[in-house]
Amino acid sequence: MNAMWSLWKAELLRTVRDRRFFTLTLGMPIIFYFVFMNQVGTHARISGTFWNAYFMVSMAAFGVVGSSVNTLAVRLATERKSGWVRFLRTTPLSSAGYTLAKILTQLSLSFFIIFVVFFVAQFSAHVTMPPMRWFEIFLWLWIGSIPFAALGVFIGMAGNAAQVLGTLVYLVLSMLGGLWTPIQALPRALQEVAQWMPTYRFAQPAWELLAERPISWVSVAILLGYAGIFSGLAAWIERKGDAHQQE
Amino acid sequence: MKDVTKQFGQKTAVRDVTMKIAKGSAVALLGPNGAGKTTSIAMMLGLIRPTRGVVTLFGGDPLASEQHAHIGVMLQGVSVPDRLTVVETIQLFRGFYKKPLAIDRLLTAAGLEEDARVMANRLSGGKMRRLQFALALAGNPEVLFLDEPTVGMDVTARRHFWDELRRFIASGKTLLLTTHDLQEADLVADRVIVMNKGRIIADAAPESIKMQFAGRQISFVAGVHLDLQKLTKLPDVIEIKTAGRQVTIRTNNSDGLLRTLIMEQWEISDIQVTGGGLEEAFMRLTTETEGTFV
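Position numbers for residues start from 1 in each chain and track the written sequence from start to end. Whichever chain is written first becomes A and whichever ligand is written first becomes 1, with later ones labelled in order. Only residues with pLDDT of 70 or above have their local features reported here, since the model is predicted, and side-chain atom pairs are shown and tallied only from 80 upward, although totals for entire chains, interfaces and linings are computed over all residues. Based on all heavy atoms of the structure, the side-chain values leave hydrogens and waters out of the count.

K.L.:
It is not clear to me how the overall build of chain B should be interpreted in this structure. Could you clarify?
P.N.:
A run of H or I in DSSP counts as a helix once it spans at least four residues, and a run of E counts as a strand once it spans at least two, with each numbered from the N terminus. What chain B contains, in helices and strands, is 10 helices and 13 strands. With the C-alpha coordinates aligned to their principal axes, the bounding extent of chain B is approximately 70 × 45 × 30 Å. In this analysis, two residues are considered to be in contact whenever any of their non-hydrogen atoms come within 4.5 Å of each other. Long-range pairs, those at least 24 residues apart, make up 67% of the contacts in chain B between residues at least 6 apart in sequence. Here the Shrake-Rupley method, with its probe set to 1.4 Å, supplies the accessible areas, and only the displayed protein chains count as covering residues. Summing over all exposed atoms, chain B offers an accessible surface of approximately 13,700 Å²; the carbon and sulfur share of this is 50%. One way to put it: in chain B the 36 positive side-chain charges average out to a point 5 Å from where the 33 negative ones average out. Asp and Glu count as negative and Lys and Arg as positive, but His and the ends of the chain are not part of the count. Each charge is placed at NZ for Lys, CZ for Arg, CG for Asp and CD for Glu.

K.L.:
Before we go on, may I ask you to explain the environment of Asp270 of chain B in this structure?
P.N.:
All names here are of chain B. Looking at the secondary structure, you find Asp270 in strand 13 (residues 268-274). Summary of the burial criterion: residues with accessible area below 20% of their type's maximum are buried, those above 50% are exposed, and those between are partly exposed, where the area comes from a 1.4 Å probe applied to protein chains only. Among the residues examined, Asp270 registers a relative accessible area of 62% and is labelled exposed. Each C-alpha atom of the pair Asp270 and Glu142 lies 54 Å from the other, and the pair is 128 residues apart in sequence.

K.L.:
Looking at this model, I keep getting lost on a nonpolar patch on the surface. Mind explaining?
P.N.:
Residue and element names in this part refer to chain A. Each patch is built from salt-bridge-free residues with over 30% relative accessible area, joining like charges within 9 Å and nonpolar side chains (Val, Leu, Ile, Met, Phe, Trp, Tyr) within 5 Å. Each reported salt bridge corresponds to a side-chain nitrogen of Lys or Arg within 4 Å of a carboxyl oxygen of Asp or Glu. Taken together, the side chains of Met132, Phe135, Leu139, Ile143 and Ile146 make up a nonpolar region of the molecular surface, amounting to roughly 460 Å² of accessible area. Element by element, the count of residues in the nonpolar patch is highest for helix 6 (residues 131-143), at four residues. Inspection of the secondary structure assignment puts Ile146 in helix 7 (residues 146-155).

K.L.:
Just checking my understanding: could you explain the nonpolar core for this structure?
P.N.:
One recurring pattern in soluble globular proteins: nonpolar side chains tend to sit buried together. Buried Ala, Val, Leu, Ile, Met, Phe, Trp, Tyr and Cys residues form a nonpolar core when they are joined through side-chain atoms within 4.5 Å. Among the nonpolar cores identified, the biggest contains 83 residues, and Phe93, Phe145 and Leu165 of chain B are the most heavily contacted of them. Residue contributions to this core peak at seven residues, all from helix 4 (residues 125-137) of chain B. Once residues lying within four places of it in the same chain are set aside, the contact partners of Phe145 of chain B are Ile41, Met44, Leu45, Leu57, Ile71, Gly72, Val73, Met74 and Leu176 of chain B. Counting residues in each nonpolar core, the second largest holds 60 residues, with Val117, Ile155, Leu173 and Phe230 of chain A among its members.

K.L.:
Would you explain the pattern of salt bridges in this entry?
P.N.:
As a working rule, side chains carrying opposite charge can pair if their charged atoms are close by. Tallied over the full model, the rule gives 21 salt bridges over all chains. When the shortest N-O distance is used, the salt bridge between Glu238 of chain A and Arg80 of chain A registers 3.2 Å. Placement of Glu238 of chain A in helix 11 (residues 217-244) and of Arg80 of chain A in helix 3 (residues 51-81) is noted, with a sequence separation of 158 residues between them. The class of Glu238 of chain A is partly exposed, set by a relative accessible area of 33%. Here the salt bridges do not stand alone but share partners, grouping Glu11, Arg14, Asp18, Arg75, Glu79 and Lys102 of chain A together with Asp82 and Arg83 of chain B into one network.

K.L.:
How should the environment of Tyr33 of chain A be read in this particular structure?
P.N.:
All names here are of chain A. Examined against the element boundaries, Tyr33 turns out to sit in helix 2 (residues 19-40). Classification of Tyr33 by relative accessible area gives buried; the value is 1%. The spatial distance from the C-alpha of Tyr33 to the C-alpha of Val117 is 8.6 Å, given a sequence separation of 84 residues. Discounting residues that sit within four places of it in the chain, Tyr33 has contacts with Asn52, Phe55, Met56, Met59, Ala121, Ser124, Ala125 and Val127.

K.L.:
Which parts of the structure should I look at to understand the sheet that holds strand 4 (residues 52-54) of chain B?
P.N.:
Within a sheet, adjacent strands bond to each other through the backbone by hydrogen bonds, running parallel or antiparallel. Residue and element names in this part refer to chain B. In this scheme, strands are said to pair when DSSP sees at least two bridges between them. Read across the sheet, three strands follow the order 2-1-4 without closing on themselves; strand pairing throughout is antiparallel. In this open sheet, the two edge strands, each paired with only one partner strand, are strand 2 (11-17) and strand 4. Direction aside, the axes of adjacent strands within the sheet are offset by 20° on average. Where strand 1 (residues 2-8) meets strand 2, four bridges bridge the pair, whose relative direction is antiparallel. By the bridge assignment for strand 2, Val4 is matched with Val17. To get an axis, fit a line to the C-alpha atoms, keeping to the stretch in contact for a helix; angles then go from 0 to 180 degrees between the N-to-C directions.

K.L.:
Looking at this structure, I do not really get empty space enclosed by the protein. What am I missing?
P.N.:
Residue and element names in this part refer to chain A. Only protein atoms enter the 1 Å grid used here, on which a cavity is any set of points holding a 1.4 Å probe that cannot leave and a pocket is any open set flanked by protein within 12 Å on both sides along at least five of seven lines; residues with an atom within 4 Å of a point are listed as lining. Grid points are joined across faces, edges and corners, and a volume is the space filled by probe spheres set on the points. This model, assessed by the stated rule, comprises one cavity of 30 Å³ or more. Taken as a whole, the largest cavity spans an internal volume of roughly 60 Å³. Around the largest cavity, the lining residues are Glu11, Ser67, Thr71, Leu72, Arg75, Lys102, Thr105, Gln106 and Leu109. Residues are grouped as follows: Ala, Val, Leu, Ile, Met, Phe, Trp, Tyr, Cys and Pro are nonpolar; Asp, Glu, Lys and Arg are charged; every other residue, Gly included, is polar. Its residues assigned to classes, the lining of the largest cavity comprises two nonpolar, four polar and three charged.

K.L.:
Please clarify how the domain arrangement of chain B should be interpreted in this entry.
P.N.:
Domain delimitation follows an automatic or database domain assignment. Considered domain by domain, chain B is made up of domain 1 (4-205) and domain 2 (216-275). Its C-alpha centre places domain 1 of chain B at a distance of 40 Å from the equivalent point of domain 2 of chain B.

K.L.:
Help me out: how do you make sense of the packing of aromatic side chains in this one?
P.N.:
Any aromatic ring pair is given by two values, namely how distant the centres are and how the planes are angled relative to each other. All names here are of chain A. Aromatic rings from Phe, Tyr and Trp, taking only the six-membered ring of Trp, are treated as a pair when their centres fall within 6.5 Å; an angle between ring planes under 30 degrees marks them as stacked, one over 60 as edge-to-face, and anything in between as tilted. The full count for this structure, using the stated rule, is 28 aromatic pairs over all chains. Taken together, a centroid distance of 6.4 Å and an interplanar angle of 50° make the contact between Phe32 and Phe36 tilted. Here Phe32 pairs with Phe36, and both are found in helix 2, just four residues apart, close to one helical turn.

K.L.:
Looking at this model, I keep getting lost on the UniProt feature "transmembrane region" (unreviewed entry) in chain A. Mind explaining?
P.N.:
Residue and element names in this part refer to chain A. UniProt positions are given in the numbering used here, feature names are shortened, and annotations may be inferred rather than shown by experiment. Under the local residue numbering, the UniProt record ascribes the feature "transmembrane region" (unreviewed entry) to residues 21-41, 53-78, 99-125, 137-157, 164-183 and 215-237. For residues 137-157, the end-to-end C-alpha separation is 32 Å, with 81% helix and 0% strand making up the annotated structure. Regarding residues 215-237, the helix share stands at 91% and the strand share at 0%, and the terminal C-alpha atoms are separated by 34 Å.

K.L.:
Got a minute to help me understand the pairing of strand 1 of chain B in this structure?
P.N.:
When a strand is regular, its side chains alternate between the sheet's two faces. All names here are of chain B. When strand 1 meets strand 4, the two strands line up antiparallel, connected through two bridges. Directly across from Thr5, in strand 4, lies its bridge partner Arg52. Between the end of strand 1 and the start of strand 2, which pair antiparallel, lie two residues, with Gly9 showing a positive phi angle near 60°.

K.L.:
Help me understand the pairing of strand 8 (residues 191-196) of chain B, please; the structure alone is not making it clear to me.
P.N.:
All names here are of chain B. Of all six residues that make up strand 8, six are buried, and the element is covered over most of its length. On strand 8, burial covers both faces: Arg191, Ile193 and Met195 on one face and Val192, Val194 and Asn196 on the other are all buried. As paired elements, strand 3 (residues 26-30) and strand 8 share four bridges and run parallel to each other. Residue Ala28 lies in a different strand from strand 8, and its bridge partner there is Val192. With antiparallel pairing between neighbouring strands as the criterion, strand 8 and strand 9 (residues 199-204) make up a hairpin whose turn holds two residues, including Lys197 at a positive phi of roughly 50°.

What follows is the structure, encoded as structure tokens:
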């Protein structure tokens, strides 16, 4: 247990020093938020709520997906390549402890990203809603980020390709999932595609909460399905990799 | 390890190896690259499973992380994560163990006191190796597994490293290290296991291994009055062979012995020094030997 916390602490310390994390993963959603608020105007109506709140959710989701899919994948790929993971396996830190530490790190980072995006939106665009609503949306985005961590783990197994693949998946999923442009503004065909994107299913329940509608269980189910697929694939490759491991 | 074989696809890295490392012993696993040393260690640590045979660590399954509480490990080809300082990296490892050594003690052991605040992944190759030594010691282990520990270290660092290792052994703890350098093995080990092509080809005390592998040869034609018995009393002489008046001495210090022979005006002529250093003799042995001898 202590071993896990020790790793968690070190991981957070590494992130705090990671300039790339602050400029890209955290910076991009915030800059996008300012740009889109200026272009569209904060009080445009959309999907039963206001643009400033709607896009706040979009950007929080965008940031969380970036940190899980992109940052985590690249970091895992580097750790595997550098022999660090192998080295850790010789310590009393169990693989469960390692995985748990990574998940906790991701949850901590997601918490931080959502908090910052919400904070910026509240102060720059005066997003208002009852405290309970803030709490619910926050909680959903936070917990709902876990499937993307699993996707990050999966992409992290791609070795040298992880960096490119991670960035690509992160941007494409965000775009197709309607995190940049609301899907109502997308062509019909892309709207159909969006329905099946984990990113859309991640943000949609939060948008529903904004509009005071109940969470759609279809979204939760689809997201859970993706979580299963991603972690299943990762576990499968891990086992396969072990059998073929050289020296 | 009992009757252990490990295959990677078509290639057999370790072939029917049986060995037992007793508590409190200091064992060097010696052999050229590709002899199966690293693979053997990886199996003892539970990093890979043997294809056949049984490997136990403290009498248990090496794969179980609980078995790793009292070991310290240095592997080859590991680099530490970025954006952590030397101290933070060591602290991270200290956090993995119940009774870690004090941070100052670890920095001293690695000789990294002055680099404590340096980003760990920016260390030079030799210092990186020393940091990994500190990480291996972090949990105050009973057993150390060191895979080619001195690669990249300079002379001073090596000396410091061997001093630390001797202190470690002196406190009654167990050491297993791999090396391709017989001289290194001789520095700390009380037992040397020589591996080649996945097999154990020798297992003995370093002195007797040295007798068999080491040294250059000095050969000369002895004068008629030369007393061969006296030759054996000279320092650094390992073995003497004679063929008529042709004498061949095996030595681990050809320069010194040669100097003695000449300064003391021994009656010799046609002097020849042959054979490379330990390395060459050892290479010759490992490429030629097929059977097992002790």
